[in-house]
Amino acid sequence: MHQQTTDEQSLHQAGIRITAVRLLIWRYIRNNLAEAFSLADLESGLPTVDRSTLFRMLTLLNDAHLLHEIDDGSGSQKYCVC
């Protein structure tokens, strides 16, 4: 039987269906983006994942309360891990 990693468990508990790309994005965020980050930051760290996939995942994570949005007044939406 497959034992879930902590990252897989957090997605599963949030009701997010686990796919390879979703897990890749979530692991990258958790391991590399300790402070507030933007979609552009995520794009530069994961250049092989298309922008629309990254945006949909940010929305999904935000809706599941794994991320929260930050308005820093820059006009660019930022996110932070809850």
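Conventions we followed
Residues numbered from 1 in each chain as written. Predicted model: local features only at pLDDT ≥ 70, side-chain atom pairs only at ≥ 80, totals over all residues. Heavy atoms only, no water. Helix = DSSP H or I, 4+ residues; strand = E, 2+ residues; numbered from the N terminus. Rg over C-alpha atoms; globule rule 2.2 N^0.38 Å. Buried < 20%, exposed > 50% of the residue type's maximum accessible area, 1.4 Å probe, protein only. Contact = heavy atoms within 4.5 Å. Axes fitted to C-alpha atoms, helices over the stretch in contact; angles between N-to-C directions. Parallel < 35°, antiparallel > 145°, perpendicular 65-115°, else oblique. Nonpolar A, V, L, I, M, F, W, Y, C, P; charged D, E, K, R; others polar. Expected span 1.5 Å × (residues − 1). Arc of directions from axis to C-beta.

Peer 1: Which parts of the structure should I look at to understand the overall build of the protein?
Peer 2: For the protein, the helix and strand inventory stands at 4 helices and 3 strands. By the compact-globule yardstick of 12 Å for 82 residues, the protein fits well, its C-alpha radius of gyration being 12 Å. Its C-alpha atoms give the protein principal-axis dimensions of about 45 × 25 × 20 Å. Considering the protein as a whole, with its 82 residues, one finds that 34% of them fall into the buried category. Restricting to contacts in the protein with at least 6 residues of sequence separation, those with at least 24 account for 40%.

Peer 1: Is there a simple way to explain the packing of helix α2 (residues 20-32) against helix α4 (residues 51-63) in this structure?
Peer 2: The packing of two helices is summarised by the inter-axis angle and the distance between the axes. Look at α2 against α4: their axes get within 11 Å of each other, and the N-to-C directions meet at 70°. Between α2 and α4, the angle is such that the two are roughly perpendicular. Facing V21, R22, I25, W26 and I29 of α2, the residues of α4 in contact are T53, L54, M57, L58, L60 and L61. Considered class by class, the residues forming the contact of α2 with α4 number 9 nonpolar, 1 polar and 1 charged.

Peer 1: Looking at this structure, how should I read α4?
Peer 2: The α-helix advances 3.6 residues per turn, and as a result positions three or four apart in sequence lie on the same side. Along its 13 residues, α4 runs 18 Å from first to last C-alpha, staying within 8% of the 18 Å computed at 1.5 Å per residue. Taken together, the buried positions of α4 are occupied by T53, L54, M57, L58, L61 and N62. Burial along α4 is one-sided: seen end-on, the buried residues are contained in an arc of 165°. The exposed residues of α4 that point more than 90 degrees off its buried face are R56 and D63. The secondary structure elements touched by the buried residues of α4 are α1 (6-13), α2, β1 (37-38), α3 (39-45), β2 (67-70) and β3 (78-81).

Peer 1: How do you make sense of α1 when you look at a structure like this?
Peer 2: Turning to α1, its buried residues number three or more, namely D7, E8, S10 and L11. Along the long axis of α1, the arc covered by the buried residues comes to 165°, so they all point the same way. In α1, the exposed residues that point more than 90 degrees away from the buried face are T6, H12 and Q13. On the buried face of α1, the contacting elements are α2 and α4. Looking at the residues trailing α1, positive phi occurs at G15, about 80°.

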